[in-house]
Amino acid sequence: MRGKISFTLNGQDIFMEADLSTRLIDFLRNELKLVGTKEGCSQGECGACTVIIDGRTANSCLILLGQVQGAAVTTIEGLGDEQNLHPIQEAFIEEGAVQCGYCIPGMVLSAKALLDKNNKPGKEDIRRAISGNLCRCTGYKKIEKAIIRASEKMKEAGYDDGNP
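To start, this report covers the structure provided alongside it. As the structure is a prediction and not an experimental result, all values here were calculated from the model.

Quick look at the overall build of the chain
Secondary structure assignment for the chain yields five helices and five strands. Start at the N end of the chain and walk to the C end: the helices and strands fall as β-β-α-β-β-β-α-α-α-α. Taking 164 residues into account, the globule formula puts the C-alpha radius of gyration at 15 Å, and the chain, at 15 Å, falls close to it. Overall, the chain is about 45 × 35 × 30 Å in size when its C-alpha atoms are taken along their principal axes. Among the 164 residues that make up the chain, the fraction classed as buried is 43%.

Okay, structure coming up:
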């Protein structure tokens, strides 16, 4: 069903006509060419397609475009770039939490959603926050360490509620 869609994506206002029954992941990847959001299981089980919608993580493979009307959506492209990494991205690299990289955009966004609400999470908080993200390469220890390090880096950089 075609219709007008209006939402904020990575801080930019989006206004356009589109098929509102398109999955958000397909719209991001195919229409907007934002390919950082990965498709894994297509069933909301793996977390590779995680985005942040109005401050909460969501599996973009389960969300229809029409459901984000008026919402604020953040993808991995909204965090940083190669010249200006977000502290969470820096921490993942520094802690060696990136292996194949497929799950990392979803892990980073899950970490951001957590750190935006809790700037000093404990290990249980971290485990709960990333519980919807599967990684086939690690035992999650380096990812947990990276999120703790990111919390420290964000405090040092003057982030308040996740924003500098």
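Once you've had a look at it, read on.
Things to note about the sheet that holds strand β5 (residues 72-74)
As summarised here, the arrangement of the five strands in space is β2-β1-β5-β3-β4, forming an open sheet in which the pairing is mixed. At either margin of the open sheet sits one strand with a lone partner, and together these are β2 (12-19) and β4 (56-59). Strand after strand, the sheet turns through a mean of 40 degrees between neighbouring axes, direction not considered. Of the pairings in the sheet, the one linking strand β3 (residues 50-53) to β5 comprises two bridges and is antiparallel in character. Of the residues in β5, the one forming a bridge with Ile52 is Thr74. In the packing of helix α1 (residues 24-31) onto the sheet, the strands contacted are β1 (2-9), β2 and β3, and the crossing angle to β3 comes to about 105 degrees. Along the sheet, helix α3 (residues 104-117) contacts β3, β4 and β5; its crossing angle with β3, the most-contacted strand, is approximately 30 degrees.

What about helix α2 (residues 87-94)?
Buried within α2 are the following residues: Pro87, Ile88, Gln89, Ala91 and Phe92. Tucked inside the fold, the buried residues of α2 contact α3 and α5 (141-156). Two residues or fewer after α2 comes Gly96, characterised by a positive phi angle close to 70 degrees.

Parameters at a glance
Residues numbered from 1 in each chain as written. Predicted model: local features only at pLDDT ≥ 70, side-chain atom pairs only at ≥ 80, totals over all residues. Heavy atoms only, no water. Helix = DSSP H or I, 4+ residues; strand = E, 2+ residues; numbered from the N terminus. Rg over C-alpha atoms; globule rule 2.2 N^0.38 Å. Buried < 20%, exposed > 50% of the residue type's maximum accessible area, 1.4 Å probe, protein only. Pairing = 2+ DSSP bridges. Axes fitted to C-alpha atoms, helices over the stretch in contact; angles between N-to-C directions. Contact = heavy atoms within 4.5 Å.

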